Structures are given as structure tokens and as C-alpha cells.
Amino acid sequence: MTPLEDESQGGVMHGRLPWYSPSELTESQYAVYEAIVLGARSKGPQAFRLVDDEGRLEGPFNAMLVNPKVAMSVQAVGAAVRFESLLSDRAREIAILRLASLEQCDFEWYAHERVGLKNGLTEEELGVLKRGSFPSTFDPEEVLVGEVVTSLQSTRALSDELFSKALEILGLTKLADVITLVGYYQLLSLSVNAWHVPLPAGEVSPFA
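The structure contained in this document is the topic of the report that follows. (Residues numbered from 1 in each chain as written. Predicted model: local features only at pLDDT ≥ 70, side-chain atom pairs only at ≥ 80, totals over all residues. Heavy atoms only, no water.)

**Let's talk about the packing of helix α1 (residues 27-37) against helix α3 (residues 68-83)**
So, step 1. At a minimum axis separation of 9 Å, α1 and α3 run at an interaxial angle of 15°. Of the possible angle classes, the one that applies to α1 and α3 is roughly parallel. When you trace α1 past α3, the crossing you get is left-handed. In this structure, α1 contributes Ser28, Gln29, Ala31, Val32, Ala35 and Ile36 to the contact, and α3 contributes Pro68, Ala71, Met72 and Gln75.
So, step 2. Here the residues of the contact of α1 with α3 are counted per class, giving seven nonpolar, three polar and no charged. (Axes fitted to C-alpha atoms, helices over the stretch in contact; angles between N-to-C directions. Helix = DSSP H or I, 4+ residues; strand = E, 2+ residues; numbered from the N terminus. Parallel < 35°, antiparallel > 145°, perpendicular 65-115°, else oblique. Left-handed = near helix turned anticlockwise from the far one by under 90°. Contact = heavy atoms within 4.5 Å. Nonpolar A, V, L, I, M, F, W, Y, C, P; charged D, E, K, R; others polar.)

**Focus: the nonpolar core**
So, step 1. Counting 42 residues, the largest nonpolar core has Val148, Val178 and Tyr185 as the members making the most contacts within it.
So, step 2. Here the element with the most residues in this core is helix α9 (residues 172-194); it accounts for eight residues.
So, step 3. Residues contacting Val148, with those up to four places away along its chain left out, are Leu158, Leu162, Ala166, Leu175 and Val178.
So, step 4. Ranked by size, the runner-up nonpolar core spans nine residues in total, among them Ile94, Leu97, Leu126 and Leu129. (Core = buried A, V, L, I, M, F, W, Y, C linked by side-chain atoms within 4.5 Å. Buried < 20%, exposed > 50% of the residue type's maximum accessible area, 1.4 Å probe, protein only.)

**Side note on the side chain of Asn62**
So, step 1. Within the fold, Asn62 resides in helix α2 (residues 61-64).
So, step 2. From its side chain, Asn62 meets the backbone oxygen of Pro18 in a polar contact 3.0 Å long.
So, step 3. Discounting chain neighbours no more than four positions away, the residues touching Asn62 are His14, Leu17, Pro18, Trp19, Tyr20 and Leu57. (Polar contact = N/O pair within 3.5 Å; in protein donor to acceptor, adjacent residues only side chain to side chain.)

**Some remarks on helix α7 (residues 140-155)**
So, step 1. Compared with an ideal rise of 1.5 Å per residue, which puts 16 residues at 22 Å, α7 spans 22 Å between its outermost C-alpha atoms and is within 8% of the ideal.
So, step 2. Among the residues of α7, those classed as buried are Glu142, Leu144, Val145, Gly146, Val148, Val149, Ser151, Leu152 and Gln153.
So, step 3. Residues of α7 that are buried sit in contact with α4 (89-103), α8 (160-169) and α9.
So, step 4. A positive backbone phi angle near 65° is found at Arg156, which sits one or two residues after α7. (Expected span 1.5 Å × (residues − 1).)

**Here we look at the packing of α4 against α9**
So, step 1. Viewed as axis vectors pointing N to C, α4 and α9 meet at an angle of 40°, and their least axial separation amounts to 10 Å. Judged by the inter-axis angle, α4 sits oblique to α9. As for how α4 packs across α9, the hand of that crossing is right-handed. Of the residues in α9, those touching α4 at Arg92, Ala95, Ile96, Leu99 and Glu103 are Leu181, Val182, Tyr185, Gln186 and Ser189.
So, step 2. Across the contact of α4 with α9, the residue classes break down as six nonpolar, two polar and two charged.

**Some remarks on unusual backbone geometry**
So, step 1. The phi dihedral of Arg156 falls on the positive side, at around 65°, and the residue is not glycine.
So, step 2. Mapping Arg156 onto the fold places it in the loop between α7 and α8.

**Re α3**
So, step 1. The terminal C-alpha atoms of α3, which comprises 16 residues, lie 22 Å apart, in line with the 22 Å expected from a rise of 1.5 Å per residue.
So, step 2. Every buried residue belonging to α3 is among Pro68, Ala71, Gln75, Gly78, Ala79, Val81 and Arg82, and all of these are buried. Buried residues in α3, looked at end-on, bunch into an arc of 160°, giving them a common side.
So, step 3. Where α3 is buried, its residues touch α1, α2, α4, α5 (106-118) and α9. (Arc of directions from axis to C-beta.)

**Structural notes on a nonpolar patch on the surface**
So, step 1. On the surface, Phe163, Leu167 and Leu172 cluster together to form a nonpolar patch covering roughly 280 Å² of accessible area.
So, step 2. Along the polypeptide, Phe163 turns up in helix α8.
So, step 3. Phe163 sits in the partly exposed class, given a relative accessible area of 36%. (Patch = residues over 30% accessible without salt bridge, like charges linked within 9 Å, V, L, I, M, F, W, Y side chains within 5 Å. Areas by Shrake-Rupley, 256 points an atom, 1.4 Å probe, with all protein chains shown as cover. Salt bridge = Lys/Arg side-chain N within 4 Å of Asp/Glu carboxyl O.)

**A short note on the packing of aromatic side chains**
So, step 1. Evaluated as defined, the whole model comprises six aromatic pairs.
So, step 2. Geometrically, the ring pair formed by Tyr30 and Tyr33 is stacked, given 5.5 Å between the ring centres and 15° between the ring planes. Highlighted residues: Tyr30 and Tyr33, both in helix α1, separated by three residues, approximately one helical turn.
So, step 3. Classification of Tyr30 by relative accessible area gives partly exposed; the value is 33%.
So, step 4. Tyr33 sits in the buried class, given a relative accessible area of 8%. (Phe/Tyr/Trp six-rings, centres within 6.5 Å; stacked < 30°, edge-to-face > 60°.)

All quantities given are derived from atomic positions and should not be read as evidence of function.
What follows is the structure in C-alpha cells.
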């Protein structure tokens, strides 16, 4: 029986789940851990921390360890969404933050507000986004990305008019990237909510 299978164990909790240090992970769990902390997410300046001072995974990543076979594929999708998309860095972060605002997902806003600042978004633009609008400084493609995210989150679909507009302005691949992004970050939002995943120590809810 692995540590995560033994629900009777004590120890540090992370929301509704045990919160394990690297030394407590099985081999398959540790492979997922390494993919997250040493993979594409670790390259370059870190906008938010992936682990706490004890090396334990922050945010929704700890929950992935419950089933490492599934987790390896899930984290790979997340890395591809962030680092292999054709969307510009700004447009990608606008999409993530728009969804975080609509979902009221604390961790995703906490993390990607910081990523957004490193990728050209301003404090003023972030404030407008958090209030549910699109800043006048957004270019037409950035606004359209936000509109696509809004429609997918609220109706689970795109009207013929919005689809045609998105196809014309974004093109097929960028539109597909936005759709995949929404699916991935909604999965993270579900995980954060279901497992009661807390923000890192010292952080407060941006939506309080």
C-alpha cells in the first residue's frame, strides 16, 4: 500500500489530501514530481513557487499524485498548453486569468497573475480582468481570446458567429489551443475545489 492509498495515516494535510515530502513518494509518484519541478515549468524565472520550503508540491499538483499514471499525462497536457501553444504569452495568460476569474479559482489567479505580469500584462489590466471586463489596451485578438473563453465557460460551446470570427482572426490551431486550455484549467479548478486545495502560506484569496 502506498502512502496516498492509506487514508488512515496522519501527517500534514493539504486541504482534503495528505501533503507529502519528496522522500515519502513512491517511485511512480516521484517520476510525476520530477516532471513537474524539473520540467518545462522550472525553466527561466519562476513567477510562483511549485513547492513549499519542504519540497512539497503546491496547488493542484499535489492532488495529481493520487494516481501517478493518470497524472503523468495530465501534467504533460498542462506543460504543452503553457509552453507549446501558438498563442502569444500575453494572450495565453489572458485566457487563463479570464477563466480563473469566471471560475473564482484562487490558486490559478494567484499563480497566473504573477505569470501575466512577467509576460507584459499591467496591474491595471489585471484589475479590469479580475472585475470581469476586458481592458481597452487589449488588442482585437486578445479580446477575442477572452470572448471565446467566456463562451466556453458559460455555455460550453461557441455560437456560429463567434466561431466564424475566431476562425478568421485566430486561425484553426490557435482556436484549438484556446479550447484545450479551457479544458485543462477547468480540470485544475475542479481539482482545487473538490480537494479544498489551499493557497500557499501567507497568500489570501484574490476573490475574497
